[in-house]
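# An overview of the molecular structure
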Amino acid sequence: MSIRHGLLALLERGPRYGSQLRTEFESRTGSTWPLNVGQVYTTLNRLERDGMVAQGGEDEAGHTLYAITDSGRAELRTWFEKPVDRTSPARDELAIKLAMAVGAPGVDIRNVIQSQRRHTVKAMQDYTRLKAQALLAVEGGGARERNDVAWLLVLEQLIFQTEAEARWLDHCESRLIRLSATAAAGASATAPETAPAPDAPASTTSATSAQAASPTAPSASAAPGAPAS
């Protein structure tokens, strides 16, 4: 998030002091990305160093006012016109967590996914309730209408983001199930088969069976036809 450009956009509406800029910035974004006063003044000092803002006196309460310069307006116009760079995405803690959980000892990655999904769905429901409130405020009009519209846009971005995250988590779980099934099938196909016990030789078996089945043969001394004594 570009704080410096957000402050320049607010200063284009007129001179502001530090804590006033913080309040207006958080009002526009619904405190989604809270700022502290020290962070605001550090950014203002850098903008002043770069010639994009200049101190413009004090208000009645003695607050130092800052005003945008022509160089600051040119920088702001360029920021609005230039697409946000997506070729170098910011680090995503969830993506890193899941990547590190793959194969980690003692970690059930499916439990990690399911726990995150519950949290993501709850966040999406909370954002949806806030969107309904913002819509009522926008439709009702009033002095804060500009800030309410800005907050509505931020909320809708958060809703789309959590919806996409929930779908991605579903995809991750399905992917892991398919890969696990494929790995199990491959392991089963390559497992060595147990060799059967060797059969007895056919000739030995046949001879043994035949001997057991045949009657006792007569001895050689008892010739056929000899008279009985």
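Residues numbered from 1 in each chain as written. Predicted model: local features only at pLDDT ≥ 70, side-chain atom pairs only at ≥ 80, totals over all residues. Heavy atoms only, no water.

## Some details on the overall build of the chain
What the chain contains, in helices and strands, is 8 helices and 2 strands. Going residue by residue from the N terminus, the α and β elements of the chain occur as α-α-α-β-β-α-α-α-α-α. Looking at the chain residue by residue over its 229 residues, the buried ones come to 24%. Pairs at least 24 apart in sequence give 56% of the contacts found in the chain among residues at least 6 apart. (Helix = DSSP H or I, 4+ residues; strand = E, 2+ residues; numbered from the N terminus. Buried < 20%, exposed > 50% of the residue type's maximum accessible area, 1.4 Å probe, protein only. Contact = heavy atoms within 4.5 Å.)

## A look at the packing of helix α1 (residues 3-11) against helix α4 (residues 70-81)
Closest axis-to-axis distance for the α1/α4 pair is 10 Å, and the angle between their directions is 115 degrees. Remark: the crossing between α1 and α4 carries left-handed chirality. Within the contact between the two elements, α1 uses His-5, Gly-6, Leu-8 and Ala-9 and α4 uses Gly-72, Glu-75, Leu-76, Trp-79 and Phe-80. Of the residues assigned to the contact of α1 with α4, the class counts are 5 nonpolar, 3 polar and 1 charged. (Axes fitted to C-alpha atoms, helices over the stretch in contact; angles between N-to-C directions. Left-handed = near helix turned anticlockwise from the far one by under 90°. Nonpolar A, V, L, I, M, F, W, Y, C, P; charged D, E, K, R; others polar.)

## A word on the packing of aromatic side chains
This structure, assessed with the given rule, holds 2 aromatic pairs. Seen from their ring centres, Trp-79 and Phe-80 are 5.2 Å apart, and the 40 degrees between their planes marks the pair as tilted. By relative accessible area, which is 34% here, Trp-79 ends up partly exposed. Of the residues examined, Phe-80 reaches a relative accessible area of 48% and is grouped as partly exposed. (Phe/Tyr/Trp six-rings, centres within 6.5 Å; stacked < 30°, edge-to-face > 60°.)

## Observations regarding the pattern of salt bridges
Under the criterion given, the structure shown has 11 salt bridges. Its salt-bridge partner being Arg-49, residue Asp-50 comes within 3.1 Å of it at the nearest N-O pair. Across the salt bridge formed by Asp-126 and Lys-122, the nearest N and O atoms sit 3.1 Å from each other. Highlighted residues: Asp-126 and Lys-122, both in helix α6 (residues 109-140), separated by 4 residues, approximately one helical turn. Judged by relative accessible area, Asp-126 falls into the partly exposed class, the value being 24%. Given the relative accessible area of 49%, Lys-122 is considered partly exposed. (Salt bridge = Lys/Arg side-chain N within 4 Å of Asp/Glu carboxyl O.)

## Observations regarding the pairing of strand β2 (residues 64-68)
Two strands pair when backbone bridges link them, and strand β1 (residues 53-58) and β2 are joined in this way by 4 bridges, in the antiparallel orientation. The residue of β2 that forms the bridge with Ala-54 is Ala-67. In textbook terms, the turn of a hairpin is the stretch between consecutive antiparallel strands, and for β1 and β2 this stretch comprises 5 residues, one of which, Gly-62, has a positive phi near 90 degrees. (Pairing = 2+ DSSP bridges.)

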